[in-house]
Amino acid sequence: MAAPPYDVEKEAHGNPPRVSDTFKGPYSPGSHEATVVETNKLQRNLKGRHMQMIAIGGAIGAGLFVSSGGALRSGGPGSLVICFMIIGFMIMLMMQALAELAVMYPVNGAFYTYVVRFVDPSWGFAIGWDYAIQWLTILPFEITAAGLTINYWHTYNIGIWCAVFLIALTIIQFFGVRGYGEVEFVLSMIKIAACIGFIIFGIIVDCGGVPTDNRGYIGARYWHSPEEAFRNGFKGFCSVFVTASFAFGGTELTGLAAAEAADPVKQIPKASKQVFWRITFFYVVNLFILGLIVPASSDVLLGSSGANTKASPFVLAIQLAGVKGLPSVFNAVITIAVLSVANSCTYGSTRTLQAMAANGMAPKIFAYVDKKGRPIPTIILQLLFGCLAFINEASDTGGTIFSWLLALSGIANFFVYGSIALAHIRFRQAWKLQGHTIDELPYKAMFGVWGSYLCVFMNFLCLVAQFYVALWVSPAYLPIGGTPDAETFFNLYLALPLLILLYGIWKIIALFRIPEHRPLYVKIKDIDVYTGM
């Protein structure tokens with residue numbers, strides 16, 4: 001029998017009840033006693049301009065400005081542009097699915113909550129914890145990276161700058177989500193201006209318009225012999241495929257911010273549509289221009305990883321043109337970009353952990369939110385993890401420890417993006433089963449449910465590509481040969497056994513404490529599509 005008519009627009013603008021207060025169905029996150037946590041609510045202080053800037057420039061960081069150099073050298077300019085276009089399209093599909101869910105259910109925890117609710121509580125537990133661990137471990141890396149960018153001008157003890165940047169991040173936390181939004185707004189504006197400036201600069205260089213550049217007119221010279229558009233064959237292509245996926249990491253924060261957006265019904269669709277322009281303009285066009293004016297065979301690009309700005313292809317492009325002073329300006333932009341990602345780290349982990357604690361999937365203490373809407377315990381935890389940046393003082397072992405910390409989150413994004421698309425597919429199935437039509441949705445994904453099917457498939461291909469690269473990389477981490485090595489493989493693929501472990505932990509807990517969480521997945525007929533609208 002069809003469900004009674006339901007006014008989605010009215011409910012979306014209202015004050016939706018908490019899941020744990022309303023629905024006690026068999027697969028609600030609030031269906032076991034551990035979820036009853038009384039606390040203050042997060043505050044909706046993110047305005048439209050904040051959401052737009054988080055969507056457009058929030059995730060632009062060292063992945064674009066530095067790591068793209070390693071991808072250029074290993075795959076060539078052709079692979080670089082094509083792979084970023086493919087992964088960019090995958091991100092668009094994911095963001096459209098997330099936007100539809102986030103407008104419908106602007107709840108705390110966003111996609112973690114959707115996976116628990118529409119797919120499986122155990123898988124949601126694994127995804128939530130892995131996502132939180134990803135941001136917890138990336139923060140000390142980003143703080144270190146910001147400190148390393150200073151070495152472009154003068155070499156200082158890395159611990160000094162780690163302390164400075166950690167204090168700066170701590171101060172931002174005092175201002176709650178509004179502080180995060182304002183900082184991201186300003187830093188994203190700077191990054192966007194730098195991207196636009198580089199495109200203009202690159203066109204002038206390619207046309208031979210820089211007097212200090214003795215190369216003259218370049219055109220597509222670096223796409224032809226003796227250079228190569230596609231280097232190292234299929235292995236080179238696969239390695240760029242993986243690098244591109246990491247460079248887009250953080251795009252999903254727009255959905256996570258839905259619970260603190262002033263008007264999610266209006267702001268999230270607008271912000272999600274901006275992702276197209278960010279992908280097209282700030283990634284694809286910039287990298288196409290980069291491939292025209294920087295030779296992929298340059299030995300300088302061998303060190304393009306982390307925040308080694310001396311090996312940044314963008315800085316190298318300016319140096320090859322002989323323009324003095326401008327490399328320092330772009331190095332400052334990279335420093336700002338890295339700090340922006342560090343700011344996003346504190347937001348991504350704290351909100352995910354707070355939501356998990358409120359639903360009984362993390363220690364109860366992390367559920368606490370003060371009267372100003374700040375999840376204080378999770379913020380303290382994140383900043384304590386930031387102190388791991390001081391490991392770099394141990395010059396012999398610091399790099400090794402960091403390498404394994406980052407390995408915990410290595411391929412986490414692929415599972416997160418695929419799970420978001422899967423949650424959208426199952427939501428649509430449940431929505432239809434309850435007798436509703438697509439026309440009733442306040443926002444519909446641009447590519448529909450088939451876009452989510454394609455997104456799941458593309459994420460699977462990403463995992464296969466990463467598996468292939470993890471098995472057959474050389475010691476220099478370039479796909480130019482080599483034999484399988486256990487240490488290298490687990491360094492690149494450690495997130496998979498971590499996810500399996502986390503999934504097993506909740507299944508074991510469910511076996512003894514939560515019988516309704518024991519099945520392998522949530523049946524479509526048991527999915528609640530009303531709570532939190």
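Every residue gets a number counted from 1 within its own chain, in the order that chain's sequence is written. Only residues with pLDDT of at least 70 are given local features in this predicted model, and only at 80 or more are side-chain atom pairs given and counted; all residues enter the totals for whole chains, interfaces and linings. No hydrogens and no water enter the side-chain calculation; it runs on all heavy atoms of the structure.

Draft legend 1. Examining the nonpolar core more closely. By nonpolar core we mean a set of buried residues, namely Ala, Val, Leu, Ile, Met, Phe, Trp, Tyr and Cys, connected to one another through side-chain atoms within 4.5 Å. The buried label goes to any residue with under 20% of its type's maximum accessible area, the exposed label to any with over 50%, and the partly exposed label to all in between, with areas taken from a 1.4 Å probe on protein chains only. The biggest cluster of nonpolar side chains holds 159 residues, and the ones touching the most others in it are Phe65, Ile91 and Tyr114. When residues in this core are grouped by element, the largest group, 18 residues, is from helix 5 (residues 67-104). Contact definition: two residues touch when any of their heavy atoms are within 4.5 Å. When neighbours within four sequence positions are excluded, Phe65 is seen to be in contact with Ile60, Cys195, Ser312, Pro313, Phe314, Phe330, Val333, Ile334 and Ala337. What counts as a helix is a DSSP run of H or I of at least four residues, what counts as a strand is a run of E of at least two, and both are numbered from the N terminus.

Draft legend 2. Geometry of the confidence of the model for the chain. Along the chain, pLDDT gives the predictor's confidence residue by residue, from 0 to 100. Predicted confidence across the chain gives a mean pLDDT of 81, with 86% of residues reaching 70 or more. Within the chain, no element has a lower average pLDDT than helix 2 (residues 19-22), which sits at 37, and none a higher one than helix 17 (residues 412-433), at 93. Considering only residues more than four positions removed or in separate chains, one finds that residues 1-38, a stretch of pLDDT under 50, has 80 contacts. The low-confidence segment residues 475-479, where pLDDT is below 50, has eleven contacts with residues more than four positions distant or belonging to other chains.

Draft legend 3. Geometry of the environment of Leu80. Relative to the helices and strands, Leu80 is located in helix 5. For the pair formed by Leu80 and Gly291, sequence separation is 211 residues and the distance between their alpha carbons is 8.0 Å. When sequence neighbours within four positions are dropped, the list of residues in contact with Leu80 reads Ser68, Ala71, Leu72, Val240 and Leu287.

Draft legend 4. Focus on the environment of Phe330. Position of Phe330 among the secondary structure elements: in helix 14 (residues 326-358). The class of Phe330 is buried, set by a relative accessible area of 6%. Considered as a pair, Phe330 and Cys195 are 135 residues apart in the sequence and their alpha carbons are 9.9 Å apart. Setting aside its immediate chain neighbours within four residues, Phe330 contacts Phe65, Ala194, Phe198, Phe314, Val315 and Ile318.

Draft legend 5. Examining the side chain of Asp370 more closely. Within the fold, Asp370 resides in the loop between helix 14 and helix 15 (376-386). Counting of polar contacts relies on pairs of N or O atoms within 3.5 Å, with two restrictions inside protein: one atom must be capable of donating a hydrogen and the other of accepting it, and residues adjacent in sequence are counted only when both atoms are side-chain atoms. A distance of 2.8 Å separates a polar side-chain atom of Asp370 from the backbone nitrogen of Arg374.

Draft legend 6. Up close: empty space enclosed by the protein. Both site types are read off a 1 Å grid over the protein atoms alone. A 1.4 Å probe that fits but cannot get out defines a cavity, while an open set with protein on both sides within 12 Å along at least five of seven lines defines a pocket; lining residues have an atom within 4 Å of a point. Grid points are joined across faces, edges and corners, and a volume is the space filled by probe spheres set on the points. Scanning the model with the defined rule gives two cavities of 30 Å³ or more in all. By volume, the largest cavity amounts to about 70 Å³. In this structure, the largest cavity is lined by Ile172, Gln173, Gly176, Val177, Tyr180, Asn343, Thr346, Tyr347, Arg351, Arg374, Pro375 and Ile379. Considering every element that reaches the lining of the largest cavity, the biggest residue donor is helix 14, with four residues. Taken together, the residues that form the lining of the largest cavity break down as six nonpolar, four polar and two charged. Taken as a whole, the second largest cavity encloses approximately 30 Å³ of empty space. Elements supplying a minimum of two residues to the lining of the second largest cavity: helix 5 and helix 18 (448-471). Here the lining of the second largest cavity is composed, by residue class, of five nonpolar, five polar and no charged. Under the grouping applied here, Gly and all other residues not named as nonpolar or charged are polar, the nonpolar ones being Ala, Val, Leu, Ile, Met, Phe, Trp, Tyr, Cys and Pro and the charged ones Asp, Glu, Lys and Arg.

Draft legend 7. Layout of the state of the cysteines. The disulfide definition used here is simple: a pair of cysteine sulfur atoms within 2.5 Å. Applying the stated criterion to the full structure yields zero disulfides. Its sulfur unpaired, Cys162 is 9.9 Å from the next cysteine sulfur, which belongs to Cys387. Left without a disulfide partner, Cys455 is nearest to the cysteine sulfur of Cys462, which lies 9.0 Å away.

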